[in-house]
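One-letter residues, chain by chain:
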Amino acid sequence: MLLDEQFIPTLDRAGILYRLDLYMADKVIADLKKMQERGHLELAVSLNLFSSEFDQCNMAEEITRKVKESGLSPEFIVIEISNDTRNLNADKIRNRSPSLSKTASTSGWTILAKDIPQLV
């Protein structure tokens, strides 16, 4: 079994971690859509992204586009920004997104997907 700590840092250093997370975003959105179609209308999901991914590609724009294309309400998707958040401009994001908050369980940040378009 390959543990995430064995490949995530390598993908991040190579500047391609965003590709894996965009793939996972597609899967999470599709799964959430199926659950909602089955009547589970109050479920929310969380996508965990590294702060470096916002430098590797325009993650805010990509996530916004994927959520819009799915037809899902963005209020059911929470974005968690973790890893090394020291370089993340939290003040800039907080000014554009009232839902940005420090996570209790990690050293990262949480933002609601409904507020992601304001970051684009």
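As shown above, the structure is provided for reference.
The shown structure was predicted, so the numbers you read here are calculated from the model rather than taken from an experiment.

J.: Could you give an account of the side chain of K66, with specific residues and numbers?
T.: Position of K66 relative to the elements: it lies in helix α4 (residues 59-70). Polar side-chain contacts of K66 include one of 2.8 Å to the side chain of D26.

J.: I'd like a description of the environment of D21, backed by residues and values.
T.: On the secondary structure map, D21 appears in helix α2 (residues 17-37). Residue classification places D21 among the buried positions, given a relative accessible area of 11%. Separated by 26 residues in the primary sequence, D21 and L47 have C-alpha atoms spaced 8.3 Å apart. Not counting residues within four places of it along the chain, the set of residues in contact with D21 comprises N48, L49, E53 and M59.

J.: Any chance you could break down the nonpolar core for me, citing the residues and the numbers?
T.: Among the nonpolar cores identified, the biggest contains 18 residues, and L22, L32, L47, M59, I63, I77 and I79 are the most heavily contacted of them. Among the secondary structure elements, those contributing two or more residues to this core are α2, β1 (45-50), α4 and β2 (77-82). The biggest single contributor to this core is α2, with 6 residues. Once residues lying within four places of it in the same chain are set aside, the contact partners of I63 are L22, A25, L47 and I79.

J.: Tell me about the layout of surface pockets, and please be specific about residues and values.
T.: The space that makes up the second largest pocket amounts to roughly 280 Å³. If you trace the second largest pocket, you find 14 residues lining it, with D4, I8, D21, N48 and F50 closest to the centre. Among the elements of the structure, α1 (4-14), α2 and β1 are those that each provide at least two residues to the lining of the second largest pocket. Classifying every residue of the lining of the second largest pocket by side-chain character gives 8 nonpolar, 3 polar and 3 charged.

J.: Quick rundown of the packing of α2 against α4? Include the residues and the values.
T.: Working note: a packed helix pair is described by the angle between its axes plus the distance between those axes. It is the contact of α2 with α4, at a shortest axis distance of 10 Å, that shows an interaxial angle of 25°. Comparing the axis directions of α2 and α4 gives the class roughly parallel. In terms of crossing hand, the pair formed by α2 and α4 is right-handed. Where α2 abuts α4, its residues Y18, D21, L22, A25, D26, I29 and K33 lie against M59, E62, I63, K66, V67 and S70. A breakdown of the residues in the contact of α2 with α4 according to their chemical character gives 7 nonpolar, 1 polar and 5 charged.

J.: Describe α2, and please don't skip the residues or the numbers.
T.: An ideal rise of 1.5 Å per residue puts 30 Å on 21 residues; α2 measures up with 30 Å between its terminal C-alpha atoms. Among all positions of α2, only L17, Y18, D21, L22, A25, V28, I29, L32 and Q36 are buried. Angularly, the buried residues of α2 cover 125° about the axis, an arc narrow enough to put them on a single face. In α2, the exposed positions angled more than 90 degrees off the buried face are occupied by R19 and E37. Immediately beyond the C-terminal end of α2, within one or two residues, lies G39, with a positive phi of roughly 100°.

What counts, and at which threshold
Residues numbered from 1 in each chain as written. Predicted model: local features only at pLDDT ≥ 70, side-chain atom pairs only at ≥ 80, totals over all residues. Heavy atoms only, no water. Helix = DSSP H or I, 4+ residues; strand = E, 2+ residues; numbered from the N terminus. Polar contact = N/O pair within 3.5 Å; in protein donor to acceptor, adjacent residues only side chain to side chain. Buried < 20%, exposed > 50% of the residue type's maximum accessible area, 1.4 Å probe, protein only. Contact = heavy atoms within 4.5 Å. Core = buried A, V, L, I, M, F, W, Y, C linked by side-chain atoms within 4.5 Å. 1 Å grid on protein atoms, 1.4 Å probe; cavity = no way out; pocket = protein on both sides within 12 Å on 5 of 7 lines; lining within 4 Å. Points joined across faces, edges and corners; volume = space filled by probe spheres on them. Nonpolar A, V, L, I, M, F, W, Y, C, P; charged D, E, K, R; others polar. Axes fitted to C-alpha atoms, helices over the stretch in contact; angles between N-to-C directions. Parallel < 35°, antiparallel > 145°, perpendicular 65-115°, else oblique. Left-handed = near helix turned anticlockwise from the far one by under 90°. Expected span 1.5 Å × (residues − 1). Arc of directions from axis to C-beta.

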